[in-house]
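# Residue-level structural notes
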Amino acid sequence: LAPRIDRFCQQLRRQGVTIIHAPSSCMSFYDDHPARQRALQTPAAASFPPQIGQWCDQIPSEEAADYPLDQSDGGEDDSPVEHRLWAEQLAAQGLEPGRPWSRQIDVIGIDEKRDYISDNGQEIWSILQQRNIANVILVGVHTNMCVLGRPFGLRRLAAGGKNVVLARDLTDTMYNPRAWPYASHFTGTDLIVQHIERHVCPTITSNQVLGGAAFRFAGDRRLRLTMLIAEDEYRTEETLPEFAARHLSQHFRVEVCFGSEQQRHQIVGVERVRAADALLISVRRRALPKQDLELIQEFVRQGKPVIGIRTASHAFALRDSASIPSGHAVWPTFDAEVFGGNYHGHFGNDQRYTLALATEDAGSLASLQTANIQPGGSLYRTTPLQAGSCSLLEGRLPGAEPESVAWQFIRSDGGKSFYTSLGHERDFQQPEFAALLAAGIHWACNLPVPTLEQVTLQAERYQAGQGRQR
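Numbering of residues begins from 1 in every chain and follows the order in which that chain's sequence is written. pLDDT decides what is reported in this predicted model: residues at 70 or higher carry local features, side-chain atom pairs at 80 or more are listed and counted, and totals for whole chains, interfaces and linings draw on all residues regardless. Only hydrogens and water are set aside when side-chain values are computed; all heavy atoms of the structure are taken into account.

Here we take up the overall build of the chain. Numbering of helices and strands runs from the N terminus; a helix is a DSSP stretch of H or I covering at least four residues, while a strand is a stretch of E covering at least two. For the chain, the helix and strand inventory stands at 13 helices and 15 strands. Principal axes of the C-alpha set define a box for the chain whose edges measure 85 × 55 × 40 Å. Type-normalised accessible area, obtained with a 1.4 Å probe on protein chains alone, sets the label of each residue: buried when under 20%, exposed when over 50%, and partly exposed for intermediate values. Within the chain, the fraction of its 470 residues that count as buried is 50%. Contact between two residues is taken to exist if any of their heavy atoms lie within 4.5 Å; hydrogens are not considered. Pairs at least 24 residues apart make up 75% of the contacts formed inside the chain by residues separated by at least 6 positions. Accessible surface, the chain: about 21,800 Å² in total, of which carbon and sulfur atoms supply 48%. Of the side chains in the chain, 46 bear a positive and 54 a negative charge, and the two mean positions are spaced by 5 Å. All accessible areas in this document rest on Shrake-Rupley with a 1.4 Å probe, and a residue is counted as covered only by the protein chains that are shown. All tallies of charge rest on Lys and Arg as positive and Asp and Glu as negative; His and the ends of each chain are not included. The atom standing in for a charge is NZ when the residue is Lys, CZ when it is Arg, CG when it is Asp and CD when it is Glu.

The next thing to look at is helix H1 (residues 2–14). A helix is expected to reach a length of 1.5 Å times the quantity of its residues less one. Across its 13 residues, H1 extends 18 Å between first and last C-alpha, which sits within 8% of the 18 Å expected from 1.5 Å per residue. Every buried residue of H1 is listed here: Ala2, Arg4, Ile5, Asp6, Phe8, Cys9, Leu12 and Arg13. Packed against the buried residues of H1 are strand S1 (20–21), strand S3 (135–141), strand S4 (163–172) and helix H8 (207–210). Of the residues flanking the end of H1, it is Gly16, one or two places downstream, whose phi is positive at about 90°.

All axes are obtained by fitting lines to C-alpha atoms, using only the stretch in contact for helices, and the reported angles, taken between N-to-C directions, cover 0 to 180 degrees. At a closest axis distance of 11 Å, the pairing of helix H9 (residues 236–247) and helix H12 (residues 431–444) adopts a crossing angle of 75°. Comparing their axes, H12 and H9 come out roughly perpendicular. For the pair H9 and H12, the contacting residues are Leu240, Phe243 and His247 in the first and Ala434, Leu437, Ala438, Ile441 and His442 in the second. Orientation categories follow fixed angle ranges, with anything under 35 degrees roughly parallel, anything over 145 roughly antiparallel, 65 to 115 roughly perpendicular, and all other angles oblique.

The topology assignment puts Arg224 in strand S6 (residues 223–230). Here, a salt bridge means any side-chain nitrogen of Lys or Arg that lies within 4 Å of a carboxyl oxygen of Asp or Glu. Glu255 provides the closest opposite charge to the buried, unpaired Arg224, separated from it by 4.2 Å. Not counting chain neighbours up to four residues away, the residues in contact with Arg224 comprise Arg253, Glu255, Ala275, Ala276, Asp277 and Ala278.

With respect to the helices and strands, Pro100 occurs in the loop between helix H3 (80–92) and strand S2 (116–117). Through-space distance from the C-alpha of Pro100 to that of Ala87 is 9.5 Å; in sequence the pair is 13 residues apart. Ignoring sequence-local partners within four residues, the contact set of Pro100 consists of Leu90 and Leu95.

What follows deals with the sheet that holds S3. For two strands to be treated as a pair, DSSP must find at least two bridges joining them. The strand order S3-S4-S5 describes an open sheet built from three strands, whose pairing is parallel. Either end of the sheet is taken by a strand with one partner, and the two such strands are S3 and strand S5 (203–204). The pairing of S4 with S5 spans two bridges and is parallel. Within S5, the residue paired with Leu166 across the bridge is Thr203.

Turning next to the sheet that holds strand S13 (residues 389–396). Spatial strand order, S7-S6-S8-S10-S15-S14-S13-S12: eight strands in an open sheet with mixed pairing. The strands lining the two open edges of the sheet, one partner per strand, are strand S7 (252–258) and strand S12 (354–357). On average, each strand axis in the sheet is tilted by 15° relative to the strand beside it, whichever way the strands run. With five bridges joining them, strand S14 (residues 403–410) and strand S15 (residues 416–420) adopt antiparallel strand pairing. Paired with Phe409 across the strands is Ser417, a residue of S15. On the sheet, helix H10 (residues 290–301) packs against S6, strand S8 (278–283) and strand S10 (306–309) and is oriented at approximately 135° with respect to S8.

To continue, consider the nonpolar core. Within this scheme, the nonpolar core is defined by two criteria: the residues are buried Ala, Val, Leu, Ile, Met, Phe, Trp, Tyr or Cys, and they are joined through side-chain atoms within 4.5 Å. One finds Leu422, Leu437 and Ile441 to be the most contacted residues of the largest nonpolar core, which totals 39 residues. Breaking this core down by element, the ones donating at least two residues are S6, H9, S8, S10, S13, S14, H12 and helix H13 (452–465). A per-element tally of this core places H12 first, with ten residues. Discounting chain neighbours no more than four positions away, the residues touching Leu422 are Ile309, Arg310, Tyr353, Leu355, Ile373, Pro375, Leu393, Val405, Asp427, Phe433 and Leu436.

This brings us to the state of the cysteines. Disulfide: a pair of cysteine sulfur atoms within 2.5 Å of each other. Scanning all chains against the criterion turns up zero disulfides. Cys445 takes part in no disulfide bond, and the closest cysteine sulfur to it belongs to Cys257, at a distance of 16 Å. Judged by relative accessible area, Cys445 falls into the buried class, the value being 9%.

Taken together, the side chains of Asp73, Glu76, Asp77 and Glu82 define an acidic patch exposed on the protein surface. Structurally, Asp73 can be placed in the loop between helix H2 (34–40) and H3. Note on patches: the residues involved have over 30% relative accessible area and no salt bridge, like charges join within 9 Å, and the nonpolar side chains Val, Leu, Ile, Met, Phe, Trp and Tyr join within 5 Å.

As structure tokens, then:
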């Protein structure tokens, strides 16, 4: 991370930006440094925001929000044995195990002629005021601690009226994956960033300054799963993000793009599909702007995995082609081409149906007890499927032929697709459905399929820890 931060600072410095280095609690190392002296010699501001010299745990905009991580253990993710050995190693070097650093990492260069060094809230506020600086970018670690909470952190600067942003790819989080919400370390950072974006301040990425791609840790091997959600019947804008938080946080970096509240035929942020490794669709009858639909078509052509639930079978089809807005396009063969499906309506909402495995050779799904799901919505008419589809689960109504409810499909481009016509709000309340959807997503992405027991345990642990605060 440090080399990228150094390049970021160099580029901004060339553009005339003031750089303030704020390594925590090690100012004595810099007593004679020109950048430290420059900070000390800056005239005090005429006035200061309330409590600018104190740590800040929360600002009013966060009060009604659930904090996304349990960091009560300090974020330490080592074992007691690892912790003891590390402490012994530091002590042997003459360093205090609880605070072994004495300076900022030297990879990040300090310009003696221009930069400042301070970890004092009043000093930094005075520098900003003296230089008439209203716009501030924060980088560094750790997001959920120093970056948010120190006297010069995001909360204090935002509350003080500065236009402050976090460079979200130039930061990390102190989070133990063995703590709630039992996500990967990197998902922990994503969750904190999302909390900041909702309740503290906006964020940017370093490539907006440096070009190229945003920074990504080498150890972050999660697949990027983009969810497109634009339907008005089943509340998947609520159920799918919650499902992702419970069941996808170890192996996936999940990004959600919602349908616009102002423009029916628009999905906000659909350009994220370009960088996605997998796509999950919960969309109903949208005619997208042509360039947006072409993004999705190109994604499919690349042979990447696609997952669909419920109305995804008619995601990009309108009942009346004459109602397609100007500059927009539909994809009426999407169901057949991408899912291997054959949606042609549904049975009445009042007709209750049961589920059964479509074949005894249903692979890992046979162990997920999916036939125990009590469907919350109507049965879709999907039979017969396209050639090459493998039906896994059937819906059965008295006096009617079985209809496929979940299946796998290997597309002509070689990509894997999984689809289920389940996805009603009540379906998400059942562990068997969560197991089915998690299995389909992992199968399509060539990842080990979780068992029903694993999915149930994860849901129980998540539920037990929900609502914990910092």
